[in-house]
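The chain contents come next:
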Amino acid sequence: MEDLAVNGGARPNGRFWSGKSVLLTGHTGFKGAWLAIWLRHLGARVTGISLAPDTQPNLFTLARTDAESHVLDIRDGARLAETMQAAAPEVILHLAAQALVRRSYQDPLGTFATNVMGTANLLDAVRSTPSTRVVLAVTTDKVYRNLEHAFPYRETDHLGGHDPYSASKAAAEIVIASYRDSFLHERGVAVASARAGNVIGGGDWSTDRLLPDAVRAWRSGDVLHVRRPEARRPWQHVLEPLSAYLVLAERLWSDPSLSDAFNFGPVSNDAASVRQVIDIARTSYGRGDVKYGDGTEGPHEAGWLALETAKARHVLGIEPRWSLAEAVDRTMKWYRAQDDDADVRALCEAEIRDFEALP
């Protein structure tokens, strides 16, 4: 297997990405901005399609993300197809989404329209984009019918979703499989979906996310209110799934038979509670008061979620690189450095180099 690290962990191949034409949707979001920076670092030619950033501050602006940028709503199928055809991408990485559970309760129709029909619009546009050989669509770890049991979910487990966000992403998985089997396989286009665990890292300013909420509270001397301290999630640093996406796209290029769904996250027994993450974050940040709720506040959210990642390990050679403690520590130090007016693009590029340099 190509490009495996000494410890067995596959890593992105700069020779593959150098000069590649890549379409990245959602490039103004947290994960998308990080991925745009990494792709440019690898030498790819990046065209971004996304709505304008929806937070101030935001990583896309602060890091001077230099993709060719198109502000476009993926619900507009005609404009999306026209832009894709002009960009002539060889690889498409689809991250654009309404990605917040609590927001999905406030705007369920908008969530379904973006996550389901937006994905369908993109895949349908691939049918008239002959340059494209690989499509990787990012969904979520929350696509599974969550029975709140202590067993990690495998890619073959039933899809479902209590909240509109989870349900929309499960529906998107069905759309992805349908377009792959009905249209794109016969055209020689490899199509896969990626289901990643909870992502943390510097540069996220979204609301209703644990560490961004903590940073906002602690910067201003306020108390962080945590609704569900015992909820368990498969936390990982943002560079872990992004690396996995790049490796999977490379492998799909050379072996389209890998077109399928993949889980990406820490090993299943490394899922941790919200309380554990906050304990590490307070130590790393150096201060911070917390008030824990009893788990009853707000709409329904899953209490327990873990992913089985054996398929990614055995088929792709992907292994987690940073422990939870390392991931949280790096995240909080990123925000502290940004507080001290560090250059945000330089912070991200240094983090990417550190990740790439691991044995």
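Structural data are supplied above this passage.
Scoring rules and cut-offs
Residue positions are given per chain, counting from 1 as you read along its sequence in written order. Thresholds applied to this predicted model are a pLDDT of at least 70 for local features of residues and 80 or more for the giving and counting of side-chain atom pairs; totals over whole chains, interfaces and linings are not thresholded and use all residues. Side-chain descriptors were evaluated using all non-hydrogen atoms of the structure, hydrogens and water having been removed beforehand. Under the DSSP-based scheme used, a helix requires at least four consecutive residues in state H or I and a strand at least two consecutive residues in state E, with every element numbered from the N terminus. Take the residue count of a helix, subtract one, and multiply by 1.5 Å to get its expected span. Polar contacts here mean pairs of N or O atoms no more than 3.5 Å apart (in protein, one a potential hydrogen donor and the other a potential acceptor; neighbouring residues in sequence count only if both atoms are side-chain atoms). In this scheme, a residue with accessible area under 20% of its type's maximum is buried, one over 50% is exposed, and one in between is partly exposed, where area comes from a 1.4 Å probe on protein chains only. Whether two residues are in contact is decided by their heavy atoms: any pair within 4.5 Å suffices. Axis definition: a line fitted to C-alpha atoms, over the contacting stretch in the case of helices. Angles run 0 to 180 degrees between N-to-C directions. For this classification, under 35 degrees means roughly parallel, over 145 means roughly antiparallel, 65 to 115 means roughly perpendicular, and everything else is oblique. Handedness of a crossing follows from how the near helix is turned relative to the far one, being left-handed for an anticlockwise turn of less than a right angle and right-handed for a clockwise one. All amino acids are sorted into three groups, where Ala, Val, Leu, Ile, Met, Phe, Trp, Tyr, Cys and Pro are nonpolar, Asp, Glu, Lys and Arg are charged, and the leftover types, Gly among them, are polar. Criterion for a salt bridge: a side-chain nitrogen of Lys or Arg within 4 Å of a carboxyl oxygen of Asp or Glu.

In a regular helix each residue adds 1.5 Å, so 21 residues correspond to 30 Å; helix α7 (residues 164-184) covers 28 Å between its end C-alpha atoms and thus fits that length. In this structure Asp163 caps α7, since a side-chain oxygen of it lies 3.1 Å from the backbone nitrogen of Tyr165.

Within the secondary structure, Pro320 is located in the loop between α11 (310-316) and α12 (324-339). Pro320 gets classed as partly exposed once you look at its relative accessible area, which sits at 34%. With residues near it in sequence (within four places) discarded, Pro320 still touches Glu240, Gly265, Pro266 and Val267.

The next thing to look at is the packing of helix α2 (residues 30-41) against helix α9 (residues 239-254). Packing of α2 against α9 leaves a shortest axis separation of 10 Å and a crossing angle of 55 degrees. Between α2 and α9, the interaxial angle falls into the category oblique. Helix-helix and strand crossings are classified by hand; for α2 and α9 the assignment is right-handed. For the pair α2 and α9, the contacting residues are Lys31, Trp34, Leu35, Trp38 and Leu39 in the first and Leu239, Leu242, Ser243, Tyr245 and Leu246 in the second. Of the residues that constitute the contact of α2 with α9, the class distribution is eight nonpolar, one polar and one charged.

Let us look at the pattern of salt bridges. For the coordinates displayed, the defined rule picks out 22 salt bridges. For Arg75, the salt bridge goes to Asp73, with nearest N and O atoms at 2.8 Å. What makes Arg75 partly exposed here is its relative accessible area of 41%. Here Arg216 and Asp213 are joined by a salt bridge, their closest N and O atoms 2.6 Å apart. Residue Arg216 and its partner Asp213 are both found in helix α8 (residues 210-219); the two are separated by three residues, about one turn of the helix. Using a relative accessible area of 31% as the deciding quantity, one classes Arg216 as partly exposed. Put simply, Arg40, Asp66, Arg345 and Glu349 are held in one network by salt bridges that share partners.

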